[in-house]
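Residue-level structure breakdown
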Amino acid sequence: MNLVVVGAQWGDEGKGKMVDYFSEDADLVVRFSGGANAGHTIKVEDKTFAVHLIPAGIISPGKTVVLGNGMVIDPASMFEELAKIASQGIDWEGRVVVSDRAHLVLPGYKSEDRTIDEHRARPIGTTGRGIGVAYGKKASRDGVRVADLWDPVVWNALSKSDRDWLEPFKERLASMKVNLADFMMANQDKRILLEGAQGALLDLDHGTYPYVSSGISTSAGAAIGASIGPRRIDKCLGVLKAYQTRVGNGPFPTEMVDGNDVVLADKLRELGHEYGVTTGRPRRIGFLDLVALKYSGWVNSLDGFILSHLNLYDGFESLSVCTAYELDGEEIDYFPSNIADLERVKPVLQTLPGWEGKVADARTWEDMPGGAQKVVEFIEEFTGVPVHGYSVGPLRKETFMKEEPWTVS
Ligand code: IMP
């Protein structure tokens, strides 16, 4: 069975933690998109792991993880990350497989990425990891793939400094690289977890273009970026946070920017540790945007959501969610494609009552405070997507499912 997990908003929803959780019952974890721009934090008991390129499934003992062809890989970052997790007691040798069709991020790409952004009329606020340059070269057919390290035509066309830089990684990658299509065919009867990066609203096609990343962050990307094709995807789950965050520039209709809203944003930022794992930048905070979420549910064909961070509202008298936008005096119920419209819309907020008791203490749906259950039902009804599971704190044990993830819907 193939289970896809993606971010339903602008990334940082808690995907890493959920992938780690689902990995326990998976045979294989394949990351299908993005690069070292992503940052996944996983807490297991008293240890905190931060991964960027390596699939979050690596923390589960004995699991094989795959860096798919949809990824762009900086080999220096990859081996640094592996060394770091090895120093934290994770034995990764023999468990990391790399698609030989994945593209490489070469040293010059990072500064090029930053320079391009500085000169843009509308800077995106890139993480500066060379991701846009690598995907750009891929699209213009000038990229360098893992397989190309052994292709004399491509290898000899590289600059001497790139060859010198790549040489030490070549030997190490030789034992990790696979033809992913063959590998997935051979593993087709296994339980496979397909891990996305970023979030639907940062997707190159469906996100708030041009303020997006350059990979495919929606679930369809799993078909391409993991070499399996669309008919083999059995289930798609989207992780969402009970409020909205965004790092970098771009429209954010429900951003908390006025008066008391800023106070609330600061409170949620501190409670939720909303600072970028990759860049340390404070994340922008907003009200949960159900208009965007409904759109995300559709473009990802989500079977279910995993709701995270609802526990942050424990003790609040109420919480507000966005149920429509106002555009030039008219109410609209769709997520606009035009960026100027998206920058101009005002959120129409609906206030929902808070609850007695703690979501943080819940370990089953029945444990959830009644008021929190009502909020969940409101989200489900509005978006048409049921909530299948909950993350109510940073630890593995603070997670529970209402629906079994490894069954075909
Ligand atoms: P890039 O992918 O580094 O070019 O960044 C493009 C945009 O996507 C910037 O606004 C980044 O802040 C954002 N971005 C990239 N990766 C992530 C992520 O993993 N979480 C949240 N935002 C991200």
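Just so we're clear, the structure is a prediction, and the values are computed from it rather than from any experiment.

Take the site of the ligand next. Near the ligand lie 16 residues; those nearest to it are Asp12, Asn37, Thr127, Ser213 and Arg281. Within the side chain of Thr126, a nitrogen or oxygen atom sits 3.2 Å from an oxygen atom of the ligand. Its free accessible area being 470 Å², the ligand has 96% of it covered by the protein chains. Here the shell around the ligand is composed, by residue class, of six nonpolar, eight polar and two charged.

In this section: the domain arrangement of the protein. When the domains of the protein are assigned, the result is domain 1 (2–237) and domain 2 (242–291 + 309–401). Of note, the centres of domain 1 and domain 2, computed from C-alpha atoms alone, are 27 Å apart. Together, the buried faces of domain 1 and domain 2 total about 2,700 Å²; carbon and sulfur atoms form 56% of this surface. The tally of links between domain 1 and domain 2 comes to three salt bridges. Across the pair Arg283 and Asp12 runs a salt bridge, and its minimum N-O distance is 3.3 Å. Where domain 1 packs against domain 2, one counts 15 residue pairs in polar contact (both at pLDDT 80 or more).

On to the pattern of salt bridges, then. Tallying each qualifying case throughout the model produces 14 salt bridges. With its nearest N and O atoms 3.3 Å apart, the salt bridge here joins Glu13 to Lys15. Residue Lys15 is classed as buried on the basis of its relative accessible area of 4%. Salt-bridge contacts for Glu24 lead to Arg396; the nearest nitrogen and oxygen are separated by 3.2 Å. In this pair, Glu24 is assigned in the loop between α1 (15–23) and β2 (28–31) and Arg396 in the loop between β19 (387–391) and β20 (399–401), connecting sequence segments 372 residues apart. For Glu24, a relative accessible area of 43% puts it in the partly exposed group. What you see here is one network of salt bridges that share partners, running through Asp12, Lys241, Glu274 and Arg283.

Here is what the cut-offs are and how they apply
Residues numbered from 1 in each chain as written. Predicted model: local features only at pLDDT ≥ 70, side-chain atom pairs only at ≥ 80, totals over all residues. Heavy atoms only, no water. Near = heavy atom within 4 Å. Polar contact = N/O pair within 3.5 Å; in protein donor to acceptor, adjacent residues only side chain to side chain. Areas by Shrake-Rupley, 256 points an atom, 1.4 Å probe, with all protein chains shown as cover. Nonpolar A, V, L, I, M, F, W, Y, C, P; charged D, E, K, R; others polar. Domains from an automatic or database assignment. Buried area = accessible area lost by both parts, 1.4 Å probe. Salt bridge = Lys/Arg side-chain N within 4 Å of Asp/Glu carboxyl O. Buried < 20%, exposed > 50% of the residue type's maximum accessible area, 1.4 Å probe, protein only. Helix = DSSP H or I, 4+ residues; strand = E, 2+ residues; numbered from the N terminus.

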